[in-house]
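Here is what each chain is made of, one letter per residue.
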Amino acid sequence: TTVCPRISGPGPVLSRISASTSEEDVLCPIPPLPPRPDSRYERIGGRTGTSFLQTLIHLLKGNIGTGLLGLPLAVRNAGLVLGPLSLFAMGIIAVHCMNLLAKCSHHLSAKLNKPFLDYGDAVQYGMENVSWLRRHSIWGRRIVNVFLIITQLGFCCVYFVFLSDNVKQVVEASNGTTMNCHRNQTAVTVPSFDSRLYMLCFLPAIILLVFTPNLKYLAPLSLAANLAMCTSLVLIYFFCLTNIPNHINLPKVGHAKDYPLFFGTAIFAFEGIGVVLPLENKMQKPQSFNMVLYLGMGIVTFLYISLGTIGYITFGEAIGGSVTLNLPNCWMYQIVKLLYCFGIYITFALQFYVPAAILIPPVLSRFSERWELTVDLLIRTALVVFTCVLAILIPQLDLVISLVGSVSSSFLALIFPPLLQILTYHNEGLSPWVIVKNTLISVIGFLGFITGTYISITEIIKRNGRHDNLDVTFFQVQ
């Protein structure tokens, strides 16, 4: 994240940012481009765009979050061999779908003489290429917006659960925390609250965070959050690599019934398709974006496979919904948890503005200018409370990640881009092989959506029922 000196003035109302905004978009907005005279991907008008390295950093940031920390459990669900192989295959498919989205957006923007198309624009104008879909093309944008809302609010729910689980663990181990990082236990455990009460404690702080009058004020905090998360990630790798057991006796292939949970967690981790078009549009030399995409996603896929594998090998069947929950209770790794929590807290605001940008403006248009700010803040409060309530209802981190990934990320990352290519090049001699390939990718995504959603909901019901029974038993014993 870069602090933007070019921003001045009070700035627009927060809810008026683009619906498909990346972190760089909200912190460093740039005036729109003039129309492209052709599709050579050249920046027009001498405006300074982002460099190759800056775009690469933003692409990495858009794909590395809580999903990465949940991948060791995902590998356990798939198996020590099948899990990494599946992550590799999913990485290839995800990068291919990102490339398809960028390619279709460029083709349509050049055809329509528009400077830039976001995800919803691309689907809407793609549908207009097919005569029998033309009348309903507006629904393309609406459907994409619905899944963007579900995905981003789902991320926010995951953040609530992540924050509560990690802070709860730090508090409970505070009395027994030592300088010795070779034992993953403490001598004394402090009685603590249920994790759902921690979510309620975080609620006021998060509401105040999303009240930030201008997103440029978050730029320094976002930079600090990125550094904190990067430092934490390095220390997590260090611990895992230095504590791999001598004898590894883990299943090479997991149970078939657990594989949909792997799919949901893995596709949740590949969360960056929403930043592809904004980042490409901001590059000084957009023709280099393919190289950025392949290099960046290659690094991301390597991180996913490596941390997922060594995290599972290090902690085995005891791996938690986030690998941070398995770190030893010594001061260094307690600080690691808190640093990552700080990064997630700041990231909450950036993820939240995407659904806010979609949902709030239509409501504000019904009120006079004097009521706009009040209504805006009330809706933001209601949305944050809504995500908190959902997190309280489903406080299991691994299942929330899997459910969000299965329900919404599968559509945005796997199902829509291949179908968009078929729509975009409908009348331009698309080969049968491409149609078969794209159909297959979309079918795989849809099967993952069906099975992942079903298994996640089933496990949520099962665990909540077991948790309620434990609560009743505990109450009777007391």
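Please read these numbers as outputs of a predicted model, since none were measured by experiment.

Trainee: I'd like a description of the overall build of the protein chain, backed by residues and values.
Mentor: Per the secondary structure count, the protein chain includes 16 helices and zero strands. Counting all 478 residues of the protein chain, 57% fall into the buried class. For the protein chain, the proportion of contacts with a sequence separation of at least 24, taken over those separated by at least 6, is 85%. About 21,300 Å² of surface is accessible on the protein chain, with carbon and sulfur atoms providing 68% of the total.

Trainee: Hey, could you go over the confidence of the model for the protein chain for me, with residue numbers and the actual values?
Mentor: In this model, the protein chain carries a mean pLDDT of 82, and residues with pLDDT of at least 70 account for 83%. Across the protein chain, helix H4 (residues 71-78) holds the top mean pLDDT of 94, while helix H1 (residues 23-27) sits lowest at 51. Scored below 50 in pLDDT, residues 470-478 shows one contact in the model against residues more than four places distant or in partner chains.

Trainee: I'd like a rundown of the side chain of Thr 424, residues and numbers included.
Mentor: Structurally, the position occupied by Thr 424 is in helix H15 (residues 397-424). In terms of polar contacts, Thr 424 uses its side chain to reach the backbone carbonyl oxygen of Leu 420, at 2.8 Å. Beyond its immediate chain neighbours, meaning those up to four positions away, Thr 424 contacts Cys 104, His 107, Leu 108, Gly 126 and Asn 129.

Trainee: Which residues make up the packing of helix H8 (residues 195-210) against helix H13 (residues 331-364), and what are the values?
Mentor: Taken N-terminus to C-terminus, the directions of H8 and H13 make an angle of 55 degrees; their axes are 9 Å apart at the nearest point. By the angle class used here, H8 and H13 are oblique. Relative to H13, the crossing made by H8 is right-handed. Here Ala 205, Ile 206, Leu 209 and Val 210 of H8 come into contact with H13, specifically with Tyr 345, Ile 346, Phe 348, Ala 349, Phe 352 and Tyr 353. A class-by-class count of the residues in the contact of H8 with H13 yields ten nonpolar, no polar and no charged.

Trainee: If you had to explain a nonpolar patch on the surface to someone new, which residues and values would you point to?
Mentor: Taken together, Val 385, Phe 386, Val 389, Leu 390 and Leu 393 make up a surface patch of nonpolar side chains, about 390 Å² in accessible area. With respect to the helices and strands, the residue Val 389 is situated in helix H14 (residues 369-393).

Trainee: Can you break down the nonpolar core residue by residue, with the values?
Mentor: Counting 123 residues, the largest nonpolar core has Phe 160, Phe 348, Phe 352 and Val 384 as the members making the most contacts within it. No other element matches the 15 residues that helix H7 (residues 138-172) contributes to this core. Once residues within four sequence positions are removed from consideration, Phe 352 is found in contact with Cys 156, Val 210, Arg 380, Leu 383 and Val 384.

Trainee: Requested: an account of the packing of helix H6 (residues 119-127) against H15, with residues and values cited.
Mentor: Interhelical geometry of H6 versus H15 gives an angle of 35 degrees and a closest axis separation of 9 Å. H6 and H15 meet at a crossing whose hand is left-handed. Here Tyr 119, Ala 122, Val 123, Gly 126 and Met 127 of H6 come into contact with H15, specifically with Phe 411, Leu 412, Phe 416, Pro 417, Leu 420, Leu 423 and Thr 424. Grouping the constituent residues of the contact of H6 with H15 by class yields ten nonpolar, two polar and no charged.

Trainee: Account for the packing of aromatic side chains, with residues named and values stated.
Mentor: Taken as a whole and assessed by the stated rule, the structure comprises 14 aromatic pairs. Measuring from centroid to centroid gives 6.4 Å for Tyr 159 and Phe 348, while their planes differ by 55 degrees, and the two rings are tilted. With Tyr 159 in helix H7 and Phe 348 in helix H13, this pair connects stretches of sequence that are 189 residues apart. Residue Tyr 159 shares its accessibility class with Phe 348, and that shared class is buried.

Trainee: Any chance you could break down the pattern of salt bridges for me, citing the residues and the numbers?
Mentor: Under the counting rule described, the total for this entry stands at seven salt bridges. Between Glu 172 and Lys 168 there is a salt bridge, with the nearest N and O atoms lying 2.6 Å from each other. Of the two residues, Glu 172 and Lys 168 both sit in helix H7, four residues apart, roughly one turn of that helix. There is no split in this pair, since Glu 172 and Lys 168 are both buried. With a closest N to O distance of 3.4 Å, Lys 257 and Asp 258 form a salt bridge. Note on Lys 257: relative accessible area 54%, which makes it exposed.

Trainee: Outline helix H10 (residues 259-269), listing residues and values.
Mentor: Of all the eleven residues making up H10, ten are buried; the element is thus mostly covered by neighbouring parts of the structure. Of the residues making up H10, those classed as buried are Pro 260, Leu 261, Phe 262, Phe 263, Gly 264, Thr 265, Ala 266, Ile 267, Phe 268 and Ala 269.

Trainee: Would you mind going over the side chain of Asp 118 in detail, with residue names and values included?
Mentor: Looking at where Asp 118 falls in the secondary structure, it is placed in the loop between helix H5 (82-112) and H6. No salt bridge is formed by the buried Asp 118; the nearest opposite charge belongs to Arg 141, separated by 4.2 Å. Only 2.7 Å separates the side chain of Asp 118 from the backbone nitrogen of Asp 121, close enough to count as a polar contact.

Thresholds applied
- Residues numbered from 1 in each chain as written.
- Predicted model: local features only at pLDDT ≥ 70, side-chain atom pairs only at ≥ 80, totals over all residues.
- Heavy atoms only, no water.
- Helix = DSSP H or I, 4+ residues; strand = E, 2+ residues; numbered from the N terminus.
- Buried < 20%, exposed > 50% of the residue type's maximum accessible area, 1.4 Å probe, protein only.
- Contact = heavy atoms within 4.5 Å.
- Areas by Shrake-Rupley, 256 points an atom, 1.4 Å probe, with all protein chains shown as cover.
- pLDDT = per-residue confidence, 0-100.
- Polar contact = N/O pair within 3.5 Å; in protein donor to acceptor, adjacent residues only side chain to side chain.
- Axes fitted to C-alpha atoms, helices over the stretch in contact; angles between N-to-C directions.
- Parallel < 35°, antiparallel > 145°, perpendicular 65-115°, else oblique.
- Left-handed = near helix turned anticlockwise from the far one by under 90°.
- Nonpolar A, V, L, I, M, F, W, Y, C, P; charged D, E, K, R; others polar.
- Patch = residues over 30% accessible without salt bridge, like charges linked within 9 Å, V, L, I, M, F, W, Y side chains within 5 Å.
- Salt bridge = Lys/Arg side-chain N within 4 Å of Asp/Glu carboxyl O.
- Core = buried A, V, L, I, M, F, W, Y, C linked by side-chain atoms within 4.5 Å.
- Phe/Tyr/Trp six-rings, centres within 6.5 Å; stacked < 30°, edge-to-face > 60°.
- Lys, Arg positive; Asp, Glu negative; His and termini not counted.

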